Amino acid sequence: MITRREWLGLLTVLAATFMTQVDGFIVNVASPSIQDDLDAGFDQIQFVGAAYVIAFGALLITGARFGDRAGHRTVFLYGVAGFTLTSLLCGLAPNAELLIVARFLQGATAAFMAPQVLSIIRATVSDTEQRAKAVSVYAVVIGLGVISGIAGGGILVDLDIAGLGWRPVLLVNVPIGLVILALGRLLPPGVADRESRLDLAGAALTTVALPALLVPLIFGPGGAWWLWLGLPLAVVVFGVLATQQRALLARGGAPLFPPRVFRARGMRLSLFTVAALFATNSGLFLVFTYYLQTGLGLEPFVAGLMFVPLGVGFSLASAANRWLTRRVRAPIPILGCATVAVVLLAGAAITFAPQDTQPALLAVMIGLAGLGQGMVVTPLVAGILSRVEPADAGAASGMATTVTQLGLALGVAVGGGWYRTVLGATPGDDGVPFEDSATAFAAAAVLLAVLATATSLLNARLHRLPAVPANTTENPSRAAPVAAATTQRSP
């Protein structure tokens with residue numbers, strides 16, 4: 001049985017997991033309010049959302065390796081302290097530029113905090129059966145964090161606590177973080193591997209390469225011309241990173257991205273599919289939020305609640321994956337992506353309905369989109385882990401999570417950029433006719449439907465690959481906790 005002290009320790013790390021989940025999504029619904037209050041441009045608001053996932057993805061593997069070396073509890077508590085402080089900086093930011101910097105730092109601290117959670121759970125609960133229950137609770141918290149982030153942002157903005165508008169959306173982390181730090185002594189100290197050496201060069205190159213790639217995409221044609229220099233810079237840095245990783249492995253070191261993991265059968269196709277899937281998701285979240293608030297004129301509170309069916313649909317489909325696999329002949333991931341594509345096309349058609357009936361129809365649409373997404377994530381992640389040795393499961397999980405963050409940021413860039421282009425104005429500006437907003441949302445929905453169709457085709461290619469043989473150098477991993485860690489940014 002899990003003791004009372006162990007449960008308190010588990011609740012401590014689960015609260016941290018909840019925070020990281022919430023903050024990946026909570027600014028989406030608050031974006032129009034932030035834009036209005038800080039007199040920010042749409043490209044800046046895009047970067048407020050993307051900065052967090054860029055930093056989180058770029059430093060996640062580094063954070064995990066650092067925990068192995070310095071001790072998981074130590075790194076976790078320093079991560080919580082940093083996350084609490086940067087949340088305070090976010091909530092107090094006087095302008096968009098400082099908010100972007102603070103969000104990047106917040107994502108960086110989350111990257112050191114989040115990877116320690118499953119290791120701490122394993123150290124806290126020794127019994128295998130009880131540990132499985134604890135990991136199940138962890139998965140539930142992930143789902144609650146997503147729903148709370150999407151819906152809670154609208155609620156907090158609508159409450160306008162102490163006249164602070166959107167700021168409590170980020171300041172709410174401060175008291176939660178302080179409680180976690182106070183309870184930190186309940187966590188097991190863990191074992192530090194002082195002999196392992198960190199791949200600092202790989203971490204530095206990754207931290208440069210991802211922002212260099214994403215910043216010009218996020219700012220788009222409206223940004224300064226020199227931002228586009230980031231694209232050739234990213235190509236060069238990624239090339240240097242690949243060379244450095246191979247050289248480090250040849251010297252007997254431990255690279256952040258072991259080349260053998262990339263060379264595993266179907267791995268690169270799987271990672272590309274992950275990026276396409278999460279780009280579709282994040283692009284939908286952004287344009288859906290803006291259409292609800294600036295097109296249909298819904299209050300942030302109502303707009304936030306409109307996302308609840310998404311979380312419910314995702315949770316139901318995820319729970320039913322095994323049941324569906326036994327009863328449906330078609331591969332579930334292919335069917336799930338095809339469902340999302342059809343639903344998005346239906347969303348584009350909804351814009352032709354009377355304005356007062358659209359919210360109800362869109363609520364059904366987003367719920368069905370969640371069902372489709374829930375049919376894809378778990379089998380896709382399990383497939384990635386099955387392609388590597390058990391010893392490489394952590395590296396594969398880290399790669400998948402990094403690519404997930406890349407996909408999320410790309411979706412914000414592509415989906416938001418196309419929405420703005422079709423709108424012919426900056427989203428959130430006053431005086432934009434409803435018809436223009438409806439046209440922009442329909443165009444974005446069609447684009448995302450095309451991306452979902454491409455993801456379905458990628459899944460079909462993965463399905464046609466020969467099964468990974470057991471008891472070979474590509475022995476399937478049983479690292480279920482790692483799979484849970486990888487899915488933490490879904491839906």
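Numbering of residues starts from 1 in every chain and runs along the sequence as written. For this predicted model, a pLDDT threshold of at least 70 governs which residues receive local features, and a threshold of 80 or more governs which side-chain atom pairs are given and counted, while totals over whole chains, interfaces and linings are taken from all residues. Note that water and hydrogens are dropped before the side-chain values are worked out from all heavy atoms of the structure.

Draft legend 1. Looking closely at a negative patch on the surface. Put simply, a patch holds well-exposed residues, over 30% relative accessible area, that have no salt bridge, with like charges counted together within 9 Å and Val, Leu, Ile, Met, Phe, Trp or Tyr side chains within 5 Å. Accessible surface area values rest on a Shrake-Rupley calculation with a 1.4 Å probe, where residue burial reflects the displayed protein chains alone. Criterion for a salt bridge: a side-chain nitrogen of Lys or Arg within 4 Å of a carboxyl oxygen of Asp or Glu. Charge counting treats Lys and Arg as positive and Asp and Glu as negative, with His and both chain ends excluded. Charged groups are reduced to one reference atom each: NZ for lysine, CZ for arginine, CG for aspartic acid, CD for glutamic acid. On the surface, Asp36, Asp39, Asp429 and Asp430 cluster together into a patch of negative charge. As for its position among the elements, Asp39 is in the loop between α1 (4–38) and α2 (42–70). Secondary structure counts use DSSP, requiring at least four H or I residues in a row for a helix and at least two E residues in a row for a strand, with both numbered from the N terminus.

Draft legend 2. Spatial organisation of a nonpolar patch on the surface. Together, Val312, Leu316, Val364, Leu368 and Leu371 give the surface a local cluster of nonpolar side chains, amounting to about 410 Å² of exposed area. For the nonpolar patch, the secondary structure elements donating two or more residues are α14 (308–319) and α17 (358–374). Locating Val312 in the fold gives a position in helix α14. Residue classification places Val312 among the partly exposed positions, given a relative accessible area of 40%. Burial status follows relative accessibility: with a 1.4 Å probe on protein chains alone, a residue under 20% of its type maximum counts as buried, one over 50% as exposed, and anything between as partly exposed.

Draft legend 3. Focus on the packing of aromatic side chains. Here a Phe, Tyr or Trp ring, Trp counted by its six-membered ring, pairs with any other such ring whose centre lies within 6.5 Å, and the pair is stacked when the planes are under 30 degrees apart, edge-to-face when over 60, and tilted otherwise. Across all of its chains, the model carries seven aromatic pairs by this definition. Centre to centre, the rings of Tyr52 and Phe56 are 6.2 Å apart; their planes meet at 10°, and the pair counts as stacked. You can see Tyr52 and its partner Phe56 sitting in helix α2, four residues apart, about one turn around the helix. Taken as a pair, Tyr52 and Phe56 share a single burial class, namely buried. With 6.3 Å between their ring centres and 50° between their planes, Phe288 and Phe441 make a pair best called tilted. One end of the pair, Phe288, is in helix α12 (residues 267–295); the other, Phe441, is in helix α20 (residues 434–464), with 153 residues separating them in the sequence. Using a relative accessible area of 0% as the deciding quantity, one classes Phe288 as buried. An aromatic cluster is present here, built from Phe285, Phe288, Tyr291, Phe307, Phe434 and Phe441 joined pairwise through their rings.

Draft legend 4. Region of interest: unusual backbone geometry. Within the chain, Asp39 stands out as a residue other than glycine whose phi angle is a positive 50°. Unusually for a residue other than glycine, Ala162 sits at a positive phi of about 55°. Mapped onto the elements of the fold, Ala162 is located in the loop between α6 (128–159) and α7 (168–171). Judged by relative accessible area, Ala162 falls into the exposed class, the value being 71%.

Draft legend 5. Molecular detail of the confidence of the model for the chain. Looking at the chain, pLDDT values average 80 and 84% of them are 70 or higher. Values of pLDDT, the confidence the predictor places in each residue, fall between 0 and 100. Any two residues whose heavy atoms approach within 4.5 Å at even a single point are treated as in contact. Confidence over residues 469–491 falls short of pLDDT 50; this stretch has 77 contacts with residues more than four positions distant or in other chains.

Draft legend 6. Highlighting helix α3 (residues 72–92). A helix is expected to reach a length of 1.5 Å times the quantity of its residues less one. A rise of 1.5 Å per residue sets the reference length of α3, with its 21 residues, at 30 Å; its end C-alpha atoms lie 30 Å apart and thus fit the reference within 8%. Here α3 has its buried residues at His72, Val75, Phe76, Gly79, Val80, Gly82, Phe83, Thr84, Thr86, Ser87, Cys90 and Gly91.

Draft legend 7. Just the nonpolar core, in detail. By convention a nonpolar core is built from buried Ala, Val, Leu, Ile, Met, Phe, Trp, Tyr and Cys residues, the set being connected through side-chain atoms within 4.5 Å. Grouped together as the largest cluster of nonpolar side chains are 126 residues, with contacts concentrated most on Phe76, Leu99, Phe288, Leu362 and Tyr419. Here this core gets 16 residues from one element, more than from any other, and that element is α12. Apart from residues no more than four positions distant in its own chain, Leu362 is found in contact with Phe288, Tyr291, Leu292, Leu296, Met306, Ile350 and Phe441.

Draft legend 8. Just the packing of helix α16 (residues 332–350) against α20, in detail. To obtain an axis, a line is fitted to C-alpha atoms, over the contacting stretch when the element is a helix, and the angle between two such axes runs from 0 to 180 degrees between their N-to-C directions. Axis separation between α16 and α20 bottoms out at 8 Å; the angle between their running directions is 170°. It follows that α16 is roughly antiparallel to α20 by the angle criterion. Looking at the contact of α16 with α20 residue by residue, the class counts come to 17 nonpolar, six polar and no charged. Relative orientations are named as follows: roughly parallel for angles under 35 degrees, roughly antiparallel for angles over 145 degrees, roughly perpendicular for angles from 65 to 115 degrees, and oblique for any other angle. When residue character is reported, Ala, Val, Leu, Ile, Met, Phe, Trp, Tyr, Cys and Pro are called nonpolar, Asp, Glu, Lys and Arg charged, and the others, Gly included, polar.

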